[in-house]
Amino acid sequence: MAAEDSQVGLLIALEGGDCAGKTTQINALREALKGRKVAFRSFPTNRPSVQALLKDAKESSGMHRRALMHMAYAADRMFAEAEISKLVKEGYWVITDRYVDSGVAYSVAAGLPADWCDTVEQDLQRPDIVIYLRVPPEVTSKRAGFGEGDNETLAFQMRVCNAYWAMYDSYRGDRSAWVVNGALPPEEVTKKIVGIIEQAYTRKTQHKDIDMSVYAYLAQINDDEEYPCSEADRF
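None of the values given here were measured: they were computed from a predicted structure. (Residues numbered from 1 in each chain as written. Predicted model: local features only at pLDDT ≥ 70, side-chain atom pairs only at ≥ 80, totals over all residues. Heavy atoms only, no water.)

**Quick notes on the layout of surface pockets**
In this approach, a probe sized like a water molecule rolls over the atoms, and the result shows the empty space that is left. By volume, the largest pocket amounts to about 850 Å³. Around the largest pocket, the lining comprises 32 residues; the ones closest to its centre are Asp 18, Tyr 73, Arg 98, Tyr 106 and Asn 151. Taken together, the elements giving at least two residues each to the lining of the largest pocket come down to helix H1 (22-32), helix H3 (62-89), helix H4 (100-109) and helix H7 (154-171). At six residues, H3 tops the list of elements feeding residues into the lining of the largest pocket. Its residues placed into classes, the lining of the largest pocket shows eleven nonpolar, ten polar and eleven charged. (1 Å grid on protein atoms, 1.4 Å probe; cavity = no way out; pocket = protein on both sides within 12 Å on 5 of 7 lines; lining within 4 Å. Points joined across faces, edges and corners; volume = space filled by probe spheres on them. Helix = DSSP H or I, 4+ residues; strand = E, 2+ residues; numbered from the N terminus. Nonpolar A, V, L, I, M, F, W, Y, C, P; charged D, E, K, R; others polar.)

**Describing the side chain of Gln 25**
Mapping Gln 25 onto the fold places it in helix H1. Residues within four places of Gln 25 in sequence aside, it is in contact with Leu 14, Leu 133, Pro 186, Val 189, Thr 190 and Ile 193. (Contact = heavy atoms within 4.5 Å.)

**Some points on the sheet that holds strand S3 (residues 93-97)**
With parallel pairing, the five strands of this open sheet are ordered in space as S2-S3-S1-S4-S5. For this open sheet the edge positions go to strand S2 (38-42) and strand S5 (177-181), each flanked by a neighbour on one side alone. On average, each strand axis in the sheet is inclined to that of its neighbour by 20°, with strand direction left out of account. The sheet contact formed by S2 and S3 spans five bridges and is parallel. The partner of Val 38 across the bridge, within S3, is Trp 93. Contacting strand S1 (10-15), S2, S3 and strand S4 (129-134), H1 crosses the sheet at an angle of about 155° to S3. Helix H8 (residues 186-206) rests against S1, S3, S4 and S5 of the sheet, and its axis sits at about 165° to S4. (Pairing = 2+ DSSP bridges. Axes fitted to C-alpha atoms, helices over the stretch in contact; angles between N-to-C directions.)

As structure tokens, then:
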């Protein structure tokens, strides 16, 4: 892909459980998308005000603790929205390591209602593309670094995966949510992600009268490794 001064902006969220390969893919995309106007952001950030909220939330107890933590992470994304929106309007492809769906999936896995979690962030700018790296927790739990985070247990990551699947099942037909087999060799995963971005960009530039927000459509392709999820694929 050649650089374009008039490049149309996109918001692209890369999702997945812990050790699913998101950081590896972000690093690979930096190289693969050279020549394009691309900005990378990662959540949660180290914003001091958000870290203070998280500290207070973690010191509370019960469901209030879970709800407060969800709102703190949501606030982190809300603080970043103005910058992200500005970059997209300027023609950047903004690629995030985690975004709204991670917040919902992890909070649902912790016991919060999905509808409540989604409502907290319903006014945030929605991605043009959501790409979920599908890797069974039995695989990610054996990868280097697994177990270092608070949520990195096999049981919790199973619940996270099921929460993601529930979301993507409900998005069928009205969201641009893609599932990519994250257990493939990293270079193959990168190739598939770049292909998804190219297709979404083509649609957005050729059909500017169509709302290409994440609620507008569900991309459909014929590839066993990239697909909207279904009940049969649930972990």
